[in-house]
Amino acid sequence: MALLDSVTTCLSQPVHYAICKLGFEKKDTYDINNILSGNSEVCWQAVTEHVCYLESDQSVDYIKSIRLLGPVCESVYLYFKSLTKEQFVIQYASWFHWTNCTEVFLEVFDVLQYTQATEVALGLMKLTSCLERALGDVYLLKGNDCPFLLRDLLVSDQLADIFGQAVMNVLRVFIGSPHGLNLRNVLWHGFASPQEIPAKYCAMLLFLTAGLGQLLQTYLLQTKCVLVHRPYVIFTSLEELDTFPDLNNEILSIAEELVKQSSFVLKIMVPFWIAALTAFKQSKYADSVILLLPQLEVGLRLLFTTTNKCPNRLLTAESSALYTTFDEMLAKHLDNEEVNQLPVVLEEPAMASDFLWDFLNHQEGPRIRDRLSHGEINLETFPREVANQIVGFAITILCRFSDEDMFSLKGHMVIKPVMSCASCYRSRFHPIARLKKQVLECMKSIHLWPELPTVPEEQVQMIKGLEGNAEANTLILMISEVISELQDYMPQNCCSSDDLINSVLTERLLMELCDARICTLYSPRPVLEVVAVLRKISAQCHQVSQQVIAGAGLRYAQWLNKTLRSRQRHNYLRMLSSIKFLSPVLRLILLLITLELVSVHSVCKKNPFEYQHYLKFLKSVLQYTENLVTYTSTEKNKWDESMELTNKILIKIRKISDRKLMLMHLA
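The structure presented is a predicted model; accordingly, all values stated were derived computationally and were not measured.

Participant: A description of the overall build of the chain should follow, citing residues and the corresponding values.
Facilitator: The secondary structure content of the chain amounts to 30 helices and zero strands. For the C-alpha atoms alone, the extent of the chain along its principal axes is close to 100 × 65 × 50 Å. Taken across its 667 residues, the chain has 57% of its residues classed as buried. Measuring between centres, the 63 positive side-chain charges of the chain sit 6 Å from its 72 negative side-chain charges.

What follows is the structure in C-alpha cells.
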C-alpha cells in the first residue's frame, strides 16, 4: 500500500467546513468586555445570546450558532494571549478547582501562547477529557448513574438544573453533539489533523470551563451541597500487561524513521506520531498514549476502508450516520453481514486484534482509550508500563506496513525483540484467558491445604468420619474412575497407576493444559455462555478453598488456646477429616473445567438438544459449588452436608462421563 500523500483531510466536506471555515465567516471584532466582568467573571447571558434556535422545534441551530460564536472565540483567544501566566493564574486558577485537575487547564493556557498545532490538539483532547469527568461529578449532585457518553451527559436534566439549559446549549455547540463542532470526537477518533483544529476553539472551551466553575460555586453556596470527585481508575497488576521489551531511545529513533516511511501513516498525521514518540522520550506517558491511540485508529481505518472497498468511510460520516471506529474495525462482520477483511491484511491477525481487544475493549482489561478519553485516569501518574505496550504495538504495525527498502530497519537487531514479542502474543483479558488464570490461581490455593496447621492425626481418626470407611472408599473409587475416563484427553505420561489421583490432579498438568493456544477472537455466543458458567464454577471453588484455609487457621488457634467447646472441637475434627476428600474433588472439577476449556469451540457444533443438556450439567456442578461455599463458611460449618453433596455430584459426573455425553464434543 503506497503512502497516501494525496489524502489532505479525514474530515468530510460538511465537517471540514464547520470546523475550519464556518466560525471565520463573520469578520466582526468582538469586544471581550461584553462577556467579561470587571472581576474576570464570565457574563453568561452575553455568551448564550449568540446561540440560535430553529423556528420549527426550538432546537439549537448549530450552523448559525457556530458562525455567530466565531468572533467571540477569536476575542477570547486574543485576550488569553494578552495575559501573562501570573495574571491568568491569579484571575482564573481558582475557577478550575472544580475539575480536580487544575494543572491540565493551566497547561492549556501555556499551549495557547505558542500556538503549536499538535500541542493545541493535545491540549484540547486533555481538556475535553477532564471537563467530561468534572461534569459527571457535578451530575452526581442530583443524579445517580452518570451517563457514559458525553452527548448524553450534556443533554441531562441534572446539568441543566445546575448550570441552566442555555449554558449547556453553548457547550453542545463545541462538544457532545454530532451536529455541532464535535471537537472531542473528531480528535479522539483520529479524524482531525493538527492544522485543522483552530486554537480559538481551545481557548473558548478553557474560558467556558472557568465560567462553569463560577456558576457551580454559586450553586454550591446556595444549596450547601459538597462536590465529591470520583476516585481515578488505578491500573493494578501491571505485570499482566507486560508484552513488549522496555523501549529505549535507540528503538524510538528507529520508530521515528518508520513513521516517515510507513504506509500505515497518513502524511497529514505525521506530526502527531512524532509528537507521541517525543512525549514518551520525555516521560510524558499520558500525552504519548493520548496522541497515539487516535493515530492507530485512523491508520487501521485506512486499512479497513481499503481492504473492505469502502474508501468513503475514511472520512467522518455525516451527523446522521455512524463513523468507522475501533469497535467496527475489530468486528468479525461488516454492518452488511459481509466478512471484515481487515484481519486478512494484518500479518499476525490474531495478535493485532487480540492486543487491541485486550487493551481497548475487553471489560476486564485496562480499556485505555475509554478511560483516558472520559477522564477516568490521573494523567500525571499514568504508568510508563502501559504506555510502553501501546508504543511497542504501534512500532510493530509501522514495521508491518513499511516498504521493502525499509528492510534494514525492520530487520534491525534492536527492533527484532519487539517484533518477536508481537508474534507470540496471546489474549490476557478475553473471558477464556481470565478463566485460565482463575483455574491456576484456585489450584495454587488448594495446594496450600496440606500445609495447614492441624492437630495430631490420631485425634482426627478418633472421629467417626469418612476415613477408612466404605463411604471414603466409594469417593476415592469414583474419582479414580472419572480420571480413567479422561486419560485419553490428557497429555501422555501424566498418569501413574500407583497413585492415579495425585499423579493427575496436579498444578503442573493444569498449567500444561492451560498453555494450549485457544482461539479467542470472535468467540460465538455459545462459547461465551459456557465460559461464563465455567468461570463461576472456578470462582466458587476458589472461595471454598479460601474459606477452608481461613477456617482451619482460626480453629487451630482456638484448639491450641482451648477455647473450643465440645461440639466445636468435634466439628473441627470433622472438618479436618472432610477436607482430605474435598481436595481431590475440587482438583478434579478444575481438571474438568480445563479440559472443557481446551475444546470449548466445538460446543458450537452441538445440536441444540445436546448443547442444552451439556449446559444443564455444567449448571448442576455450579449449584454444587455454590452450596459448598455456603456449607464450608465459618458461619455454617456443615461438613456432613458438604460430603453428602460431594457424593451426589461425583455420582452425576461419573454417569455423564460413562455415557460420554460430557465429552462428546471432544471427539
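Participant: Any details on the packing of aromatic side chains? Residues and values, ideally.
Facilitator: Under the definition given, this model contains 20 aromatic pairs. Taken together, a centroid distance of 5.1 Å and an interplanar angle of 10° make the contact between Phe96 and Phe105 stacked. Taken as a pair, Phe96 and Phe105 share a single burial class, namely buried. Through pairs of rings, three or more aromatic residues link up here, namely Tyr79, Phe80, Phe88, Tyr92, Phe96, Phe105, Phe109 and Phe207. A cation over an aromatic ring shows up here: Lys200 above the ring of Phe24, its NZ or CZ 3.7 Å from the ring centre. In this arrangement the basic side chain of Arg301 is found over the ring face of Phe191, its NZ or CZ atom lying 3.9 Å from the centre.

Participant: Pulling in residues and values, what's your account of the state of the cysteines?
Facilitator: Tallied over the entire structure, the rule returns zero disulfides. Of all cysteine sulfurs, the one in Cys130 lies closest to Cys101, which takes part in no disulfide; the gap is 3.2 Å. Here Cys442 is not disulfide-linked; the sulfur of Cys541 is the nearest cysteine sulfur, at 5.2 Å. Residue classification places Cys442 among the buried residues on the basis of a relative accessible area of 0%.

Participant: Explain the confidence of the model for the chain to me, using residue names and the numbers behind them.
Facilitator: Overall, the predicted model of the chain reaches an average pLDDT of 88, with 91% of residues at or above 70. Between residues 660-667, whose pLDDT stays under 50, and residues either more than four places distant or in other chains, the model counts 24 contacts.

Participant: Go over the packing of helix H3 (residues 62-82) against helix H5 (residues 102-114) with me, naming the residues and quoting the values.
Facilitator: The contact between H3 and H5 brings their axes to 9 Å, and the two run at 95°. Put simply, H3 runs roughly perpendicular to H5. Judged by residue contacts, Tyr77, Phe80 and Lys81 of H3 engage Phe109, Leu112 and Gln113 from H5. A breakdown of the residues in the contact of H3 with H5 according to their chemical character gives four nonpolar, one polar and one charged.

Participant: Help me get a handle on the environment of Trp273, residues and values and all.
Facilitator: Here Trp273 shows up in helix H13 (residues 270-281). Along the sequence, Trp273 and Ile390 sit 117 residues apart, while their C-alpha atoms lie 12 Å from each other. Every residue in contact with Trp273, bar those within four places of it in the chain, is listed here: Val259, Phe264, Val265, Leu292, Gln295, Leu296, Ala394 and Leu398.

Participant: With reference to specific residues and values, describe the UniProt feature "domain: DUF4209" (unreviewed entry) in the chain.
Facilitator: UniProt marks residues 131-211 with the feature "domain: DUF4209" (unreviewed entry), using the numbering shown here. Within the segment residues 131-211, helix and strand shares are 62% and 0% respectively, and the terminal C-alpha atoms sit 12 Å apart.

Participant: Just give me the short version of the pattern of salt bridges, but keep the residues and values in it.
Facilitator: According to the stated counting rule, one finds 24 salt bridges in the structure shown. Here Glu25 makes a salt bridge to Arg67, at a shortest N to O gap of 2.8 Å. Of the two residues, Glu25 is situated in the loop between helix H1 (13-20) and helix H2 (44-48) and Arg67 in helix H3; the sequence distance between them amounts to 42 residues. The class of Arg67 is partly exposed, set by a relative accessible area of 25%. The salt bridge involving Asp640 is made with Arg574; its shortest N-O contact spans 2.4 Å. Of this pair, Asp640 sits in helix H30 (residues 639-659) while Arg574 sits in helix H28 (residues 566-598), placing them 66 residues apart in sequence. On the accessibility criterion, Arg574 (9% relative accessible area) is buried.

Participant: Describe in detail the side chain of Thr305, supporting the description with residues and values.
Facilitator: If you trace the backbone, Thr305 turns up in helix H14 (residues 285-307). In this structure the side chain of Thr305 is engaged in a polar contact, spanning 3.1 Å, whose partner is the backbone oxygen of Leu302. Aside from chain neighbours lying at most four places away, what touches Thr305 is Cys310, Pro311, Arg313 and Leu314.

Participant: Mind laying out the domain arrangement of the chain, listing which residues take part and the relevant values?
Facilitator: Once the domains are mapped, the chain shows domain 1 (13-223), domain 2 (238-424) and domain 3 (431-659). The gap between the C-alpha centroids of domain 1 and domain 2 is 30 Å. Across the contact, 28 residues belong to domain 1 and 31 residues belong to domain 2. At the boundary of domain 1 with domain 2, total buried surface from both sides reaches about 2600 Å², with 65% on carbon and sulfur atoms. Of all residues in domain 1, the largest losses of buried area upon contact with domain 2 belong to Trp188, His189 and Phe191, amounting jointly to 27% of the total for that side.

Participant: Residues and numbers for the nonpolar core, please.
Facilitator: Phe80, Phe174 and Phe382 are the most contacted members of the largest nonpolar core, which totals 158 residues. When sequence neighbours within four positions are dropped, the list of residues in contact with Phe174 reads Leu69, Cys73, Leu181, Asn182, Leu183, Tyr201, Met204, Leu205 and Leu208. Core analysis: the next-biggest nonpolar cluster, separate from the first, contains 72 residues, Ile501, Leu573, Leu615 and Ile653 among them.

Participant: Residue-level account of the packing of H5 against helix H11 (residues 199-223), with values.
Facilitator: Running from N to C, H5 and H11 point in directions that differ by 150°, and their axes come no closer than 10 Å. As H5 runs across H11, the sense of the crossing is left-handed. Here H5 contributes Phe105, Val108, Phe109 and Leu112 to the contact with H11, which in turn contributes Ala199, Cys202, Ala203, Leu206 and Thr209. Per-class residue counts for the contact of H5 with H11 are eight nonpolar, one polar and no charged.

Participant: Lay out the side chain of Gln295 with the relevant residues and their values.
Facilitator: Within the secondary structure layout, Gln295 lies in helix H14. Accessibility expressed as a relative area gives 2% for Gln295, which makes it buried. Residues in contact with Gln295, not counting those within four places in the same chain, are Phe264, Met269, Phe272 and Trp273.

Reading guide: rules and limits
Residues numbered from 1 in each chain as written. Predicted model: local features only at pLDDT ≥ 70, side-chain atom pairs only at ≥ 80, totals over all residues. Heavy atoms only, no water. Helix = DSSP H or I, 4+ residues; strand = E, 2+ residues; numbered from the N terminus. Buried < 20%, exposed > 50% of the residue type's maximum accessible area, 1.4 Å probe, protein only. Lys, Arg positive; Asp, Glu negative; His and termini not counted. Charge placed at Lys NZ, Arg CZ, Asp CG, Glu CD. Phe/Tyr/Trp six-rings, centres within 6.5 Å; stacked < 30°, edge-to-face > 60°. Lys NZ or Arg CZ within 6 Å of the ring centre and 35° of its normal. Disulfide = S-S within 2.5 Å. pLDDT = per-residue confidence, 0-100. Contact = heavy atoms within 4.5 Å. Axes fitted to C-alpha atoms, helices over the stretch in contact; angles between N-to-C directions. Parallel < 35°, antiparallel > 145°, perpendicular 65-115°, else oblique. Nonpolar A, V, L, I, M, F, W, Y, C, P; charged D, E, K, R; others polar. UniProt positions renumbered as here; feature names shortened; annotations may be inferred. Salt bridge = Lys/Arg side-chain N within 4 Å of Asp/Glu carboxyl O. Polar contact = N/O pair within 3.5 Å; in protein donor to acceptor, adjacent residues only side chain to side chain. Domains from an automatic or database assignment. Buried area = accessible area lost by both parts, 1.4 Å probe. Core = buried A, V, L, I, M, F, W, Y, C linked by side-chain atoms within 4.5 Å. Left-handed = near helix turned anticlockwise from the far one by under 90°.

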